[in-house]
Amino acid sequence: MSAISPTLDTTIEVPGRRTPLVIGNNDYNSVTETVAGVHERKTPLGWYIGFGIAVTWLAILGACIGYLITTGVGVWGNMNPVFWGWPIVNFVFWVGIGHAGTLISAILFLFRQNWRTSINRFAEAMTIFAVVCAGMFPGIHIGRIWVSYWLAPYPNQMAMWPQFRSPLMWDVFAVSTYATVSILFWYMGMIPDLATFRDRAKNKIAQGLYGFFSLGWTGSSRNWHVYEKAYGLLAALAAPLVLSVHTVVSFDFATSQLPGWHTTIFPPYFVAGAIFSGFGMVLTLIIPARAWFGLQDLVTLRHLENMCKVIIATGSMVGYAYGMEFFIAWYSGAIYEGFAFQNRAFGPYAWAYWIMISCNVICPQLFWIPWFRKTPWAMWVVSIFVNIGMWFERFVITVTSLSRDFLPSSWGYFTPTWIDILMLLGSFGLFFTLFLLFCKFLPIVAMSEVKNVLPHDHGDGEDGETAPAEYRA
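Residues numbered from 1 in each chain as written. Predicted model: local features only at pLDDT ≥ 70, side-chain atom pairs only at ≥ 80, totals over all residues. Heavy atoms only, no water.

For the chain, an unreviewed UniProt entry supplies the name Polysulfide reductase, NrfD and the organism Stratiformator vulcanicus. The annotation that UniProt attaches to the chain under Subcellular location (unreviewed entry) is "Cell membrane". (UniProt positions renumbered as here; feature names shortened; annotations may be inferred.)

Pasting the structure below:
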């Protein structure tokens, strides 16, 4: 494995010179050794500890779902008038997290942004695991989950048919389409790397499994031709989904006539927020993984800094949307709309609103300071606040509007039950269980793509030992 060169600062801009995307004295072989080594080396103790914690929370989630099914949805804190409580909050939160993967993989691929190559596999995996967590909540929210197949349009003796004019129905198709395309895109990109794992496997079972999923990849010119064509087509299919999925999710709220929800800004606002939260979660995952698995040469400070810049841009869009909501509420002259937003900032849930503002509007602005964009632990801390803030954003939108409807006599204060809290934490257990299994058994960096951006392939001449003095901190 190549030596790590922590002294190289790839965030420095040198006029007329392309910034290296891979540092260290790396070649094709060392990239393979670095990535495959994560799978082949002895599993570190930290992985077992993390996996044990994640599986414990996953078991708690399973127990809570079992309790929910046998007892009923009354175990949640949902009440009149807050019929949509934490389940919808968690659903929107996890769907948003899943946006960055497709953005990094598909849109940046179509725009030929090569800096995506070292981080796209992380982001794609995160997308799928987040969508799994998101899909769980509507499934268990319907109450009788054993008849969830009624959501599907199929001829039946009861003459029941889905209400296609409902955005809730659109959600079913939007999220399931997004999940299907994301899984195909993720899998397609891994085929060459799975073949590498197959060729390096030391036992028959692993060789058989990796061989099965690598679809007989030989690395021939024809293989690469078909692969690149299929990858491009899937990228073109996936790119519009980045915009469509969270737009449809926002329609769950925007098509209603509830003050605080009935607004045309929701689709772009939700999409910007989803990308914002998705990049926040990518940073949360990739910074520790980069350190634990020795990936500093492949995932450089430049990659992390670029993600920080995306967070500044999308965080600013989210902050603008927050301000514009208040402006339109005042400008429209609608007293109910105006009250809804006054209630958000100064009502009984003001504490949640100001947590949201602090985490989503103020914290990301720290990335204007270069030190925060060059210090991984500082980025990680900010990314945690972004994740917290985006969960509270969904909580504020859902609960503050519902808890103060048109009739003061029906107002109420939503309080989560311990089942609500355990299910939220349990969903993180599900997410991290899947993520840790991915880190252990699958190629966590797209080896074949990273090899295409090695410095010597572009005639740049930079490597860890001979990089120009400008990049040395």
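A. Spotlight on the overall build of the chain. Check the secondary structure of the chain and you find 16 helices and 0 strands. Since a compact globule built from 473 residues should have a radius of gyration of about 23 Å, the 24 Å found for the chain is in line with a globular shape. Across the chain, the centroid of the 26 positively charged side chains sits 5 Å from that of the 25 negatively charged ones. (Helix = DSSP H or I, 4+ residues; strand = E, 2+ residues; numbered from the N terminus. Rg over C-alpha atoms; globule rule 2.2 N^0.38 Å. Lys, Arg positive; Asp, Glu negative; His and termini not counted. Charge placed at Lys NZ, Arg CZ, Asp CG, Glu CD.)

B. Region of interest: the pattern of salt bridges. All told, the structure shown has 10 salt bridges when counted by the stated rule. A salt bridge links glutamate 325 to arginine 344; the shortest N-O distance between them is 3.5 Å. Here arginine 344 lies in helix H11 (residues 335-346) and glutamate 325 lies in helix H10 (residues 301-332), a separation of 19 residues in the sequence. This pair shows no difference in class: glutamate 325 is buried, exactly as arginine 344 is. A cluster of three or more residues bridged by salt bridges with shared partners is formed by Arg302, Glu305, Lys309 and Arg373. (Salt bridge = Lys/Arg side-chain N within 4 Å of Asp/Glu carboxyl O. Buried < 20%, exposed > 50% of the residue type's maximum accessible area, 1.4 Å probe, protein only.)

C. Fine view of the nonpolar core. By size, the foremost hydrophobic cluster in this structure holds 138 residues, and its most contacted members are Trp94 and Phe395. Of the residues forming this core, the biggest block, 15 residues, is contributed by helix H9 (residues 266-292). Every residue in contact with tryptophan 94, bar those within four places of it in the chain, is listed here: Ala130, Cys133, Ala134, Phe137, Met281, Ser427, Phe428 and Phe431. (Core = buried A, V, L, I, M, F, W, Y, C linked by side-chain atoms within 4.5 Å. Contact = heavy atoms within 4.5 Å.)

D. Highlighting the packing of aromatic side chains. For the structure shown, the criterion picks out 55 aromatic pairs. For the ring pair tryptophan 170 and phenylalanine 251, a centre distance of 6.0 Å and an interplane angle of 80° mean the geometry is edge-to-face. Highlighted residues: tryptophan 170 in helix H6 (residues 167-200) and phenylalanine 251 in helix H8 (residues 221-254), separated in sequence by 81 residues. Ring plane angle 70° and centroid distance 6.4 Å describe the contact between phenylalanine 253 and phenylalanine 266, whose orientation is recorded as edge-to-face. With phenylalanine 253 in helix H8 and phenylalanine 266 in helix H9, the pair connects residues that are 13 residues apart, well separated along the chain. As far as burial versus exposure is concerned, phenylalanine 253 and phenylalanine 266 are alike and both buried. Taken together, the aromatic side chains of Trp84, Phe253, Trp261, Phe266, Tyr269, Phe270 and Tyr322 make up a single cluster linked through ring pairs. (Phe/Tyr/Trp six-rings, centres within 6.5 Å; stacked < 30°, edge-to-face > 60°.)

E. Region of interest: a nonpolar patch on the surface. The grouping of Leu366, Trp368, Ile369, Trp371, Trp377, Trp380, Val381, Phe385 and Ile388 at the surface amounts to a nonpolar patch, some 900 Å² of accessible area in total. For the nonpolar patch, the leading source of residues is helix H14 (residues 376-403), giving 5 residues. (Patch = residues over 30% accessible without salt bridge, like charges linked within 9 Å, V, L, I, M, F, W, Y side chains within 5 Å. Areas by Shrake-Rupley, 256 points an atom, 1.4 Å probe, with all protein chains shown as cover.)

F. The arrangement of the environment of proline 44 in detail. Structurally, the position occupied by proline 44 is in the loop between helix H1 (28-40) and helix H2 (45-71). Remark: the alpha-carbon pair of proline 44 and histidine 246, spanning 202 residues in sequence, is separated by 38 Å.

G. A look at helix H3 (residues 86-97). With 12 residues, H3 ought to run about 16 Å at 1.5 Å a step, and its terminal C-alpha atoms sit 16 Å apart, in line with that. With 12 of 12 residues buried, H3 is to be regarded as a mostly interior element. For H3, the set of buried residues is Trp86, Pro87, Ile88, Val89, Asn90, Phe91, Val92, Phe93, Trp94, Val95, Gly96 and Ile97. (Expected span 1.5 Å × (residues − 1).)

H. Representation of the packing of H8 against H9 within the structure. Two elements in contact, H8 and H9, have axes separated by 8 Å at closest approach and are oriented at 125°. Comparing the axis directions of H8 and H9 gives the class oblique. Two packed elements cross with a definite hand, and for H8 against H9 that hand is right-handed. Of H9, the residues touching H8 (which contributes Val242, Leu243, His246, Thr247, Val249, Ser250, Phe251, Phe253 and Ala254) are Phe266, Pro267, Phe270, Val271, Ala274 and Ile275. (Axes fitted to C-alpha atoms, helices over the stretch in contact; angles between N-to-C directions. Parallel < 35°, antiparallel > 145°, perpendicular 65-115°, else oblique. Left-handed = near helix turned anticlockwise from the far one by under 90°.)

I. Quick peek at the packing of H3 against H9. Contact geometry of H3 with H9 gives a least axis separation of 7 Å together with a crossing angle of 70°. Taken together, the axes of H3 and H9 lie roughly perpendicular to each other. Residues Val92, Trp94, Gly96 and Ile97 of H3 pack against Phe270, Ala274, Ser277, Gly278 and Met281 of H9. Of the residues contributing to the contact of H3 with H9, the split by class is 6 nonpolar, 3 polar and no charged. (Nonpolar A, V, L, I, M, F, W, Y, C, P; charged D, E, K, R; others polar.)

J. Examining H11 more closely. In this model, H11 (12 residues) spans 16 Å end to end at C-alpha, consistent with the 16 Å of a helix rising 1.5 Å per residue. Looking at the buried residues of H11, the elements they touch are H10, helix H12 (350-362) and H14.

K. Representation of the environment of leucine 215 within the structure. When you line up the elements, leucine 215 lands in the loop between helix H7 (204-213) and H8. Leucine 215 sits in the exposed class, given a relative accessible area of 58%. Taking C-alpha positions, leucine 215 is 9.2 Å from leucine 194, a pair spaced 21 residues apart along the chain. Excluding anything up to four places from it in sequence, leucine 215 contacts Tyr187 and Ile191.

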